[in-house]
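Topology and contacts: notes
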Amino acid sequence: MEMNIAAPSALPISMWPIPADDACGLRAFEVPEIQVALSGIGRRWLGIDRRLTALKTCPNMIELYGAGYEIASTRWLGEQGSCVAIRFPPALTERLFQRSGAALSFKSQHELFDLRVAQLCRELARESHLGLPNGALFLEGLSIALIGLLLNRYGVDRDQSESTGGTGFTRSQRTRIDDFIEAELGSTLHISLMSALVDLSPSQFSRRFKVSFGLPPHQYILKRRLEVAGAELQKDPKRSIADLAFALGFSSQAHFAQAYRRHTGQTPSAPR
């Protein structure tokens, strides 16, 4: 039986038991929701898209459910346990986070393990269950921290559907960004500047960049700088390593040498 927890001015939180042997029918998620197993080890079988999917249940395991997601049936078998469920109504999420467009949207995912997210959910459940021993403001702070963490790690643009997952740049956007990075490798490249090229917010830009390029922006730019450095060192063995480091945007020769060694396993003088 589900137990709803009163949490004024914070996210709606509920706790419910994980049965040892039971089944239920259709479950539909009207708003985004996260569930974290607090205890119990067992198996589950979910009816999703006319298929039966076998999953496990164990402490700290996370389930993310996007708005509109449906599970036709659920079957549990194993140890009895408990779970905390936290919902993210769009208007409340934006008000708590005090930022327009901060309503959570994420792709539904099963069997996730993210210790920081699980710890925040556990702390929210504990505070609510004990009657807010640290006050409503503390609970609101935990709610805001959880929203920010989920936005950063799992959030997708609200105009993306459940089936799209993460969306990258269009071909023209990628070309524009790629050309800009290659032309400005020696400059200080800011996310805000690059995101303006394609009319996206910095957070949207960072998510789409990783989908399109396979790495976060700072890691990709560092990788390109080091690749160009290796090619230049082979082409012009007499070129000063210090000059090359500054030309490619490194703060010092030592910083460049350290990054090059970490990336290639060699010192900058090795290509010569």
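Here is what the cut-offs are and how they apply
Residues numbered from 1 in each chain as written. Predicted model: local features only at pLDDT ≥ 70, side-chain atom pairs only at ≥ 80, totals over all residues. Heavy atoms only, no water. Helix = DSSP H or I, 4+ residues; strand = E, 2+ residues; numbered from the N terminus. Buried < 20%, exposed > 50% of the residue type's maximum accessible area, 1.4 Å probe, protein only. Contact = heavy atoms within 4.5 Å. Areas by Shrake-Rupley, 256 points an atom, 1.4 Å probe, with all protein chains shown as cover. Salt bridge = Lys/Arg side-chain N within 4 Å of Asp/Glu carboxyl O. Core = buried A, V, L, I, M, F, W, Y, C linked by side-chain atoms within 4.5 Å.

**Some thoughts on the overall build of the protein chain**
Each helix and strand counted, the protein chain has nine helices and twelve strands in total. A total of 272 residues make up the protein chain; the buried ones form 43% of that total. Expressed as a percentage of contacts within the protein chain between residues at least 6 apart in sequence, the contacts between residues at least 24 apart total 72%. Entry remark: accessible area of the protein chain is about 14,200 Å², with carbon and sulfur atoms responsible for 51%.

**Overview of the pattern of salt bridges**
Charged atoms that come close allow side chains of opposite charge to pair. Following the criterion strictly, the structure yields nine salt bridges and no others. In this structure, Asp21 engages Arg75 in a salt bridge whose closest nitrogen and oxygen atoms are separated by 2.6 Å. A residue pair is termed long-range when its members are at least 10 positions apart, and Asp21 in strand E3 (residues 21-24) and Arg75 in strand E10 (residues 73-78) qualify at 54 residues. The class of Arg75 is partly exposed, set by a relative accessible area of 32%. Between Glu232 and Arg239 there is a salt bridge whose closest N-O contact spans 3.3 Å.

**Observations concerning the environment of Leu200**
Secondary-structure assignment places Leu200 in the loop between helix H5 (191-197) and helix H6 (202-213). According to the relative accessible area criterion, Leu200 is buried, its value standing at 15%. Not counting chain neighbours up to four residues away, the residues in contact with Leu200 comprise Phe169, Ser195, Phe205 and Arg208.

**Here's the deal with the nonpolar core**
Core analysis: the largest hydrophobic core is formed by 32 residues, its most contacted members being Ile34, Val84, Ile86, Phe88, Val117, Leu146 and Leu150. Mapped by element, the contributors of at least two residues to this core are strand E2 (13-18), strand E5 (33-39), strand E8 (62-65), strand E11 (81-87), helix H1 (90-97), helix H2 (115-129) and helix H3 (136-154). Residue contributions to this core peak at eight residues, all from H3. Excluding anything up to four places from it in sequence, Ile86 contacts Leu11, Pro12, Ile13, Pro32, Glu33, Ile34, Cys121, Leu124 and Leu146. Residues Ile177, Met194, Phe213 and Leu248 belong to the second largest nonpolar core, which totals 24 residues.

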